[in-house]
Protein chains: 2
Amino acid sequence: MSASIDFYFDFSSPYSYLASEQIEALAARHGRAVRFHPTLLGAVFRVSGQRPLTEIPLKGDYARRDFARSARHAGLPFRMPEVFPVSTVQAARACLALEPTQPTLLAPFIHAVFRAYFVEGLDITSAAVLEQLLERCGADAAAVMAAMAQPDIKERLKQAVDASIARGVFGAPFIIVDGEPFWGSDRLEQVERWLASGPF
Amino acid sequence: MSASIDFYFDFSSPYSYLASEQIEALAARHGRAVRFHPTLLGAVFRVSGQRPLTEIPLKGDYARRDFARSARHAGLPFRMPEVFPVSTVQAARACLALEPTQPTLLAPFIHAVFRAYFVEGLDITSAAVLEQLLERCGADAAAVMAAMAQPDIKERLKQAVDASIARGVFGAPFIIVDGEPFWGSDRLEQVERWLASGPF
């Protein structure tokens, strides 16, 4: 099997949600696995001097319309969360706490969190909600919640975010295939072409 | 024939160039014509507090790579201009001066300017270059250059830019189909679906 493709995301990014629902099947069609990397757009935007899409004059109204239309175009359920964006620090920490002990549950948990926020309207900043989502995936929720409370988790997330910035991640979703960066759910077609037939 | 679709663009926008090469055939497949509207991203960005893509840390390097890759993906020639972005005021004024007297030459002239900048590497801020491009299209170049020198042209361009902002145009290309806004060359697939089968 060839190298995994890297998928950087923030749980508060609608386009990350849309791409997350498509990336594994796309990669599998070309014999690749996906390595998921939570990052924090808040920290990334501080480096690049950007703001959340929905806070930009004119662009914000369009963005809300485009999130929903792009979801319909992709045939995916989507409901704009009432509170947007939200802090995704706890959800990202849960990923880091889950991965070392139950790595095969990481992708199912990531999908569960995205769907909780963008389909079910759940509050993914809540520890109780995250615990419930871990349980849904069959994870050892109590162990993960305990690992999230350890002092090293904060530093590990900081390192993960710094590592994403060092790789040039300035937005989400951000996909790296054999060193080639692709930004946005609207680049999946180019990602697929690259996987199918190499550099173009 | 159904209503025209509106195509807002800035001559200094690579993604506007890519979309400009595809939009007329796309529209024609669904019995539509295209109405071209030059706007000025500099003025638009002042309203929305944005900056040119290539000036944003991290994003800038990616953008240059994505311009070229997206052109190759679309099968279009592209060469990143040495000076970028440039003022497109004169080129936009030339459009406004040309349109009333030789409306059928507007689209050919727009394509000529885009290709001059993004393929041939010509300086589209230069009056001599614009005059040469008008001649290439078979326009009455001297008459257009004279109309560009009239005092009303400045006000007409200001009104055109204000009108684009009033319609919610915050970037380019920006396409409006029966009231539905689409931003970016990567939304052409959604534009086509909308034209083919209506709202989705």
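Residues numbered from 1 in each chain as written. Chains lettered and ligands numbered in written order. Predicted model: local features only at pLDDT ≥ 70, side-chain atom pairs only at ≥ 80, totals over all residues. Heavy atoms only, no water.

A.B. asks: Please clarify how the packing of helix α5 (residues 89-98) of chain A against helix α9 (residues 152-166) of chain A should be interpreted in this entry.
C.D. replies: Relative orientation and spacing of two packed helices are given, respectively, by the angle between their axes and the distance between those axes. Residues and elements named next belong to chain A. At a minimum axis distance of 10 Å, the contact between α5 and α9 shows a crossing angle of 100 degrees. Our classification of the angle between α5 and α9 gives roughly perpendicular. Contacts between α5 and α9 involve Val89, Ala92, Arg93, Leu96 and Ala97 from the former and Ile153, Lys154, Arg156 and Leu157 from the latter. Along the lines of polarity and charge, the residues of the contact of α5 with α9 split into 6 nonpolar, no polar and 3 charged. (Axes fitted to C-alpha atoms, helices over the stretch in contact; angles between N-to-C directions. Helix = DSSP H or I, 4+ residues; strand = E, 2+ residues; numbered from the N terminus. Parallel < 35°, antiparallel > 145°, perpendicular 65-115°, else oblique. Contact = heavy atoms within 4.5 Å. Nonpolar A, V, L, I, M, F, W, Y, C, P; charged D, E, K, R; others polar.)

A.B. asks: Explain the packing of helix α6 (residues 106-118) of chain B against helix α7 (residues 127-136) of chain B here, please?
C.D. replies: Residue and element names in this part refer to chain B. Contact geometry of α6 with α7 gives a least axis separation of 9 Å together with a crossing angle of 135 degrees. Taken together, the axes of α6 and α7 are oblique relative to one another. Handedness of the α6/α7 crossing: right-handed. Taken together, the residues of α7 that come into contact with α6 (itself represented by Phe109, Ala112, Val113 and Ala116) are Leu130, Leu133 and Leu134. Here the residues of the contact of α6 with α7 are counted per class, giving 7 nonpolar, no polar and no charged. (Left-handed = near helix turned anticlockwise from the far one by under 90°.)

A.B. asks: I keep staring at the interface of chain B and chain A and nothing clicks. Help me out?
C.D. replies: One frequently used descriptor of interface size is the decrease in accessible area upon assembly of the parts. Across the contact, 34 residues belong to chain B and 33 residues belong to chain A. With both chains or domains summed, chain B and chain A bury close to 3,100 Å², and 51% of this area falls on carbon and sulfur atoms. Here chain B is connected to chain A by 8 salt bridges. A salt bridge links Arg187 of chain A to Asp186 of chain B; the shortest N-O distance between them is 3.0 Å. Inspection of the region where chain B meets chain A yields 26 residue pairs in polar contact (both at pLDDT 80 or more). Taken together, the elements giving at least two residues each to the side of chain B that touches chain A come down to α3 (41-48), α4 (59-74), β4 (180-183) and α10 (188-197) of chain B. Tallying contributions element by element places α4 of chain B first for the side of chain B that touches chain A, with 8 residues. In the side of chain B that touches chain A, the residues fall into 15 nonpolar, 8 polar and 11 charged. (Buried area = accessible area lost by both parts, 1.4 Å probe. Salt bridge = Lys/Arg side-chain N within 4 Å of Asp/Glu carboxyl O. Polar contact = N/O pair within 3.5 Å; in protein donor to acceptor, adjacent residues only side chain to side chain.)

A.B. asks: Explain the relation of the copies chain B and chain A to me, please; I cannot follow it from the model alone.
C.D. replies: Mapping between the two chain copies consists of a rotation about an axis together with a translation along that axis. With an RMSD of 0.0 Å, chain B superimposes on chain A once it is rotated by 180 degrees and translated 0.0 Å along the axis. Those values place the two copies in the arrangement expected of a two-fold rotation axis. Residue Asp186 of chain B of chain B places its C-alpha closer to the rotation axis than any other residue of that unit, at 3.2 Å. A high fraction, 97%, of the interface residues of chain B reappear at the interface in chain A, so the copies pair face to face through one surface. (Least-squares fit on C-alpha atoms with pLDDT ≥ 70 in both.)

A.B. asks: How do you make sense of the sheet that holds β4 of chain B when you look at a structure like this?
C.D. replies: Strand pairing in a sheet takes place through backbone hydrogen bonds and is either antiparallel or parallel in direction. Residue and element names in this part refer to chain B. Sheet architecture is open: 4 strands sit in the order β2-β1-β3-β4, paired in mixed fashion. The open sheet has two edge strands with one neighbour each: β2 (34-38) and β4. Across the sheet, the mean angle from the axis of one strand to that of its neighbour is 20 degrees, orientation sign disregarded. Across 4 bridges, the pairing between strand β3 (residues 174-177) and β4 is antiparallel. Residue pairing for β4: Phe174 is matched across the bridge by Trp183. (Pairing = 2+ DSSP bridges.)

A.B. asks: Would you mind going over the pairing of strand β3 (residues 174-177) of chain A with me for this structure?
C.D. replies: Strand residues, when the strand is regular, have side chains that alternate between the two faces of the sheet. Residue and element names in this part refer to chain A. Neither face of β3 is left uncovered, since the one carrying Phe174 and Ile176 and the one carrying Ile175 and Val177 both have all their residues buried. Sheet analysis places strand β1 (residues 5-9) next to β3, joined by 3 bridges and oriented antiparallel. Bridge pairing in β3 links Tyr8 to Phe174. Between β3 and strand β4 (residues 180-183), which pair antiparallel in sequence order, lie 2 residues; one of them, Asp178, sits at a positive phi of approximately 50 degrees. (Buried < 20%, exposed > 50% of the residue type's maximum accessible area, 1.4 Å probe, protein only.)

A.B. asks: Would you mind showing me how to read the sheet that holds strand β2 (residues 34-38) of chain A here?
C.D. replies: Residues and elements named next belong to chain A. On the basis of which strands lie adjacent, the open sheet formed by 4 strands has the order β2-β1-β3-β4 and mixed pairing. Whereas interior strands pair on both sides, the edge strands pair on one side only; in this sheet they are β2 and β4. Neighbour to neighbour, the strand axes of the sheet diverge by 20 degrees on average, direction disregarded. Summarising the sheet, β1 and β2 pair through 5 bridges and their orientation is parallel. Within β2, the residue paired with Ile5 across the bridge is Val34.

A.B. asks: It is not clear to me how unusual backbone geometry should be interpreted in this structure. Could you clarify?
C.D. replies: For residues that are not glycine, phi is negative in most cases, and the peptide bond is trans in most cases. All names here are of chain A. Cis geometry marks the peptide bond from Phe84 to Pro85; its omega dihedral reads -10 degrees. Mapped onto the elements, Pro85 comes out in the loop between α4 (59-74) and α5. The peptide bond linking Ala172 to Pro173 adopts the cis configuration, its omega dihedral lying at 0 degrees. Mapping Pro173 onto the fold places it in the loop between α9 and β3.

A.B. asks: So what exactly am I meant to see when it comes to the layout of surface pockets here?
C.D. replies: One water molecule sets the probe size; rolling that probe over the atoms shows where empty space is left. One number sums up the size of the second largest pocket: a volume of about 820 Å³. Lining the second largest pocket we find 29 residues, and of these Asp186 and Glu189 of chain A together with Asp186, Arg187 and Glu189 of chain B sit closest to its centre. Considered class by class, the residues forming the lining of the second largest pocket number 9 nonpolar, 10 polar and 10 charged. (1 Å grid on protein atoms, 1.4 Å probe; cavity = no way out; pocket = protein on both sides within 12 Å on 5 of 7 lines; lining within 4 Å. Points joined across faces, edges and corners; volume = space filled by probe spheres on them.)

Note that every value here comes from positions in space, so none of it alone points to a role or purpose.
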